[in-house]
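Residue strings, one per chain:
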Amino acid sequence: MLYGDETDRVLVDKYIMYPMLLTIFNRDLKVIAQSPFKLRQPYITLVENVMNAISFELRDVKKEMLQRKIKVADGRLVDDMTEYQIFIRGYQEVMRFPNVHLRNKAELLMKHFLFGTLVERK
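The structure presented is a predicted model; accordingly, all values stated were derived computationally and were not measured. (Residues numbered from 1 in each chain as written. Predicted model: local features only at pLDDT ≥ 70, side-chain atom pairs only at ≥ 80, totals over all residues. Heavy atoms only, no water.)

**Topic: the overall build of the protein chain**
Along the protein chain, the regular secondary structure elements total 3 helices and 4 strands. Put simply, the protein chain runs from its N terminus to its C terminus through helices and strands in the order α-α-β-β-β-β-α. The C-alpha extent of the protein chain, read off along each of the three principal axes, is 55 × 35 × 25 Å. Considering only contacts within the protein chain whose residues lie at least 6 apart along the sequence, 51% involve residues at least 24 apart. Entry remark: accessible area of the protein chain is about 8,400 Å², with carbon and sulfur atoms responsible for 55%. Computed over 20 positive and 16 negative side-chain charges, the inter-centroid distance for the protein chain is 5 Å. (Helix = DSSP H or I, 4+ residues; strand = E, 2+ residues; numbered from the N terminus. Contact = heavy atoms within 4.5 Å. Areas by Shrake-Rupley, 256 points an atom, 1.4 Å probe, with all protein chains shown as cover. Lys, Arg positive; Asp, Glu negative; His and termini not counted. Charge placed at Lys NZ, Arg CZ, Asp CG, Glu CD.)

Below, the structure written as structure tokens:
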């Protein structure tokens, strides 16, 4: 990130990752709802609570991005990467993320929201 500081980078990262997490958890919720679990309601409640926490954090991220004049254009797939156009206080730049990186980051964030802390990979 050329024009932003570390705080801007973290906000952009969350803005990109949190909607992905909501999509993943929403799909998982549908699978759980149709699963043959004897008691599926605790799993559904867990996932719904995690989704609510992510939604609240995403709301705060969007609010802070608005204050800091940061905008992110929707991602565009380019080969095995996803490309985002970032606008920071009048400057534009392009950020590219390998899809493998996004998947691994999503997995770490899922563990964070499910278990309350970031869990390092072994």
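That shown, we press on.
**Some thoughts on the confidence of the model for the protein chain**
The pLDDT averaged across the protein chain works out to 91; a share of 93% of its residues lies at or above 70. Between the elements of the protein chain, mean pLDDT differs from a low of 89, seen in strand β2 (residues 76–78), to a high of 96, seen in helix α2 (residues 41–67). (pLDDT = per-residue confidence, 0-100.)

**Description of unusual backbone geometry**
The backbone of D79 sits at a positive phi, close to 55°, despite the residue not being glycine. Even without glycine at this site, R89 takes up a positive phi of about 45°. By secondary structure assignment, the location of R89 is in the loop between β3 (81–88) and β4 (91–98). Judged by relative accessible area, which is 38%, R89 ranks as partly exposed. (Buried < 20%, exposed > 50% of the residue type's maximum accessible area, 1.4 Å probe, protein only.)

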